[in-house]
Amino acid sequence: MEDLLRRELGCSSVKATGHSGGGCISQGQSYDTDSGRVFVKVNAKAEARRMFEGEMASLAAILKTNTVKVPKPIKVLDAPGGGSMLVMEHLDMRYLSSHAAKLGSQLADLHLDNKKLGERHLKEAGIVGKGGGQAERPFVDQFGFDVVTCCGYLPQVNDWLKDWVIFYARQRIQPQMDMIEKESGDREALELWSALQVSRLKIPDLFRDLEIVPALLHGDLWGGNVAEDSSGPIIFDPASFYGHSEYELGIAGMFGGFSSSFYSAYHSKIPKAPGFEKRLKLYQLFHYLNHWNHFGSGYRGSSLNIMRNLVK
């Protein structure tokens, strides 16, 4: 591994440190190089390159907003013995505690970044000659992402669409339901999803009179994907795309990990819109289905309960 990293990163010295880590998807190890310490995530699955390329694009996109700290991505490589690995900046991270409110504020800044870009472009369009030749980031007016990103190890359909409600139903929930149908053929789940689709106003009704500007999302922001260092909060392991900012808070509320100070700081910049709580359940549905498809039917009950409540 050291030889591979030395060659690919153009370093003369690479040495493994005592720092290692990993979750239920990939394993990680830190290395000291003459260019600084790096962290290497490794996954042996054949699809790992797609997963890591999506993560790299996600980190790069968040980095460009200059809102919330993420590890700087460096390179995706083929791993020795199969699979792939993602090389990124090593950050000394600890459990998020003193910087929870700051994370809430910075996450809101991330979600507002594209909207502010759009407002700035509109304003500058009225100023003759302003911004000529500048390579400023473009305003994104659709929902999706340039590459496939993975929530866990399952790929997300990120094809660009103008309509958020269609995007969410067709490219988030439907692929999860397709997997459930293929794996278990769960009749009740399929009937409930069919009922939600037949009563076509059920889901669109939740978005009545709501203007949704595409927001760059982390995409998998639960307590295990946040941390802090001495300078402030850090987020990592993203599955980014441009979507509805409220979607981010779906998984944030599912497994604990976020204090009231986080939510207060966030909502001071992005207040709750009418119908927020019910839409939050709709967004949690994706994550419960995704967990069902990753880890089994222990998440079936929660998935069905949400669909039953939404059908009422």
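Residues numbered from 1 in each chain as written. Predicted model: local features only at pLDDT ≥ 70, side-chain atom pairs only at ≥ 80, totals over all residues. Heavy atoms only, no water.

1. Some points on the domain arrangement of the protein chain
Okay, step 1: Domain boundaries in the protein chain define domain 1 (1-90) and domain 2 (95-311).
Okay, step 2: For domain 1 versus domain 2, the separation of C-alpha centres amounts to 25 Å.
Okay, step 3: Counting residues at the interface gives 20 residues for domain 1 and 28 residues for domain 2.
Okay, step 4: Both sides of the domain 1 and domain 2 interface together cover about 1,900 Å² of buried area, and 71% of this is carbon and sulfur.
Okay, step 5: With a closest N to O distance of 2.8 Å, Asp-237 and Lys-41 form a salt bridge.
Okay, step 6: At the junction of domain 1 and domain 2, the tally comes to five residue pairs in polar contact (both at pLDDT 80 or more). (Domains from an automatic or database assignment. Contact = heavy atoms within 4.5 Å. Buried area = accessible area lost by both parts, 1.4 Å probe. Salt bridge = Lys/Arg side-chain N within 4 Å of Asp/Glu carboxyl O. Polar contact = N/O pair within 3.5 Å; in protein donor to acceptor, adjacent residues only side chain to side chain.)

2. A word on the pairing of strand β9 (residues 226-229)
Okay, step 1: Neither face of β9 is left uncovered, since the one carrying Val-226 and Glu-228 and the one carrying Ala-227 and Asp-229 both have all their residues buried.
Okay, step 2: Both β9 and strand β10 (residues 232-235) contribute to a ladder of four bridges, which runs antiparallel. Considered in β10, the bridge of Ala-227 is made with Ile-234.
Okay, step 3: Between β9 and β10, which pair antiparallel in sequence order, lie two residues. (Buried < 20%, exposed > 50% of the residue type's maximum accessible area, 1.4 Å probe, protein only. Helix = DSSP H or I, 4+ residues; strand = E, 2+ residues; numbered from the N terminus. Pairing = 2+ DSSP bridges.)

3. Examining the side chain of Asp-229
Okay, step 1: Along the chain, the position of Asp-229 falls in strand β9.
Okay, step 2: In this structure the side chain of Asp-229 is engaged in a polar contact, spanning 2.7 Å, whose partner is the side chain of Lys-69.
Okay, step 3: A distance of 2.7 Å separates the side chain of Asp-229 from the side chain of Ser-231, its partner in a polar contact.

4. Notes on helix α8 (residues 260-269)
Okay, step 1: When α8 is considered as a whole, its buried residues turn out to be Phe-262, Ala-265, Tyr-266 and His-267.
Okay, step 2: Buried-residue contacts for α8 involve α3 (100-125), α7 (248-252) and α9 (276-295).

5. A few points about the packing of aromatic side chains
Okay, step 1: Summed over all chains, the structure comprises 18 aromatic pairs.
Okay, step 2: Measuring from centroid to centroid gives 6.4 Å for Phe-207 and Tyr-283, while their planes differ by 55°, and the two rings are tilted. With Phe-207 in the loop between α6 (202-205) and β8 (215-217) and Tyr-283 in helix α9, this pair connects stretches of sequence that are 76 residues apart.
Okay, step 3: Note on Phe-207: relative accessible area 8%, which makes it buried.
Okay, step 4: Given a relative accessible area of 0%, Tyr-283 falls into the buried group.
Okay, step 5: The rings of Phe-143, Trp-164, Phe-167, Tyr-168, Phe-207, Phe-241, Tyr-247, Tyr-283 and Phe-286 are connected pair by pair, giving a single aromatic cluster.
Okay, step 6: Just above the ring of Phe-241 sits the side chain of Arg-172; from NZ or CZ to the centre is 4.2 Å. (Phe/Tyr/Trp six-rings, centres within 6.5 Å; stacked < 30°, edge-to-face > 60°. Lys NZ or Arg CZ within 6 Å of the ring centre and 35° of its normal.)

6. Focus on the pattern of salt bridges
Okay, step 1: In total, this model carries 19 salt bridges according to the counting rule given.
Okay, step 2: As a salt-bridge pair, Arg-49 and Glu-53 come within 3.0 Å of each other at their nearest N and O atoms. Highlighted residues: Arg-49 and Glu-53, both in helix α2 (residues 48-65), separated by four residues, approximately one helical turn.
Okay, step 3: Several salt bridges share partner residues, and in doing so they unite Asp-186, Glu-188, Arg-300 and Arg-308 into one network.

7. Structural notes on empty space enclosed by the protein
Okay, step 1: Scanning all chains against the criterion turns up one cavity of 30 Å³ or more.
Okay, step 2: Taken as a whole, the largest cavity holds about 50 Å³ of empty space.
Okay, step 3: Lining the largest cavity, in full, are Leu-154, Pro-155, Gln-156, Val-157, Gln-171, Arg-172, Pro-175, Gln-176 and Phe-286.
Okay, step 4: Of all the secondary-structure elements, those providing two or more residues to the lining of the largest cavity are β7 (154-156) and α4 (164-183).
Okay, step 5: With four residues, α4 is the single largest residue contributor to the lining of the largest cavity.
Okay, step 6: Partitioned by chemical class, the residues of the lining of the largest cavity number five nonpolar, three polar and one charged. (1 Å grid on protein atoms, 1.4 Å probe; cavity = no way out; pocket = protein on both sides within 12 Å on 5 of 7 lines; lining within 4 Å. Points joined across faces, edges and corners; volume = space filled by probe spheres on them. Nonpolar A, V, L, I, M, F, W, Y, C, P; charged D, E, K, R; others polar.)

8. Looking at the packing of α9 against helix α10 (residues 300-311)
Okay, step 1: Closest axis-to-axis distance for the α9/α10 pair is 9 Å, and the angle between their directions is 150°. Classified by the angle between their axes, α9 and α10 sit roughly antiparallel to one another. Relative to α10, the crossing made by α9 is left-handed. Along its contact with α9, which presents Lys-278, Lys-281, Leu-282, Gln-284, Leu-285, Tyr-288, Leu-289 and Trp-292, the element α10 presents Arg-300, Ser-302, Ser-303, Leu-304, Ile-306, Met-307, Asn-309 and Leu-310. (Axes fitted to C-alpha atoms, helices over the stretch in contact; angles between N-to-C directions. Parallel < 35°, antiparallel > 145°, perpendicular 65-115°, else oblique. Left-handed = near helix turned anticlockwise from the far one by under 90°.)

9. With respect to the environment of His-267
Okay, step 1: Tracing the sequence through the fold places His-267 in helix α8.
Okay, step 2: The sequence separation of His-267 and Ser-105 amounts to 162 residues, and the corresponding C-alpha distance is 8.3 Å.
Okay, step 3: Beyond its immediate stretch of four places on either side in the chain, His-267 contacts Leu-249, Lys-272 and Phe-276.

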